[in-house]
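As a plain string of letters, each chain reads:
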Amino acid sequence: MALESFMVTELALVTAAAFTGAAIYVNVAEQPARLALDNKALLTQWKPSYARGFAMQASLALASALFGLLAFWQTRDWRWLVGALLIFANWPYTLLVILPVNKQLEATAPDAANAATRSLVEQWGTLHAGRSALGAAATLVYLWAIA
């Protein structure tokens, strides 16, 4: 494998692993801590956290997908294509499945937060676990391809 291919494959793997680590952190640390807050504080914390996390995770997913596609093009190994598709699947998953919940949460003023708001944040956490799963699957496929 040429040096350029090696660097591209490593970058695909590293960005997928970083995405996955961040996604899992949200599910195992941040979301449970957020749910320990009262409804107003829960929503107040969720809003900026989601905005910052979205910017980071969207960029990592896109970068990993592009590196995965480039690795596939360079190596012609279908596993890189599968990994790229899995990590990129976070984009349509987020837009089609999670975005409706996000919009409801973003439209709620913190002072109006109630039990329904808490339920939406809980639902969001469950849906976010899908992002963790897609990232983990992509990372594992990339590991398989690089081994």
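Fair warning: this is a prediction, and the values are worked out from it, not measured in the lab.

Caption draft 1: Spatial organisation of the overall build of the chain. Along the chain, the regular secondary structure elements total five helices and zero strands. When the helices and strands of the chain are listed from N to C terminus, the series reads α-α-α-α-α. The principal-axis extent of the C-alpha atoms belonging to the chain is close to 55 × 25 × 20 Å. For the chain, the residues scored as buried account for 41% of the 147 residues in total. Of the contacts made within the chain by residues no fewer than 6 positions apart, 81% connect residues no fewer than 24 positions apart.

Caption draft 2: Quick peek at the packing of helix 3 (residues 78-88) against helix 4 (residues 90-107). It is the contact of helix 3 with helix 4, at a shortest axis distance of 4 Å, that shows an interaxial angle of 25°. By the angle between their directions, the pair helix 3 and helix 4 is classed as roughly parallel. Two secondary-structure elements touch here, helix 3 through Leu-86, Ile-87 and Phe-88 and helix 4 through Asn-90, Trp-91 and Pro-92. Considered class by class, the residues forming the contact of helix 3 with helix 4 number five nonpolar, one polar and no charged.

Here is what the cut-offs are and how they apply
Residues numbered from 1 in each chain as written. Predicted model: local features only at pLDDT ≥ 70, side-chain atom pairs only at ≥ 80, totals over all residues. Heavy atoms only, no water. Helix = DSSP H or I, 4+ residues; strand = E, 2+ residues; numbered from the N terminus. Buried < 20%, exposed > 50% of the residue type's maximum accessible area, 1.4 Å probe, protein only. Contact = heavy atoms within 4.5 Å. Axes fitted to C-alpha atoms, helices over the stretch in contact; angles between N-to-C directions. Parallel < 35°, antiparallel > 145°, perpendicular 65-115°, else oblique. Nonpolar A, V, L, I, M, F, W, Y, C, P; charged D, E, K, R; others polar.

Distances and angles like these do not, on their own, reveal function.
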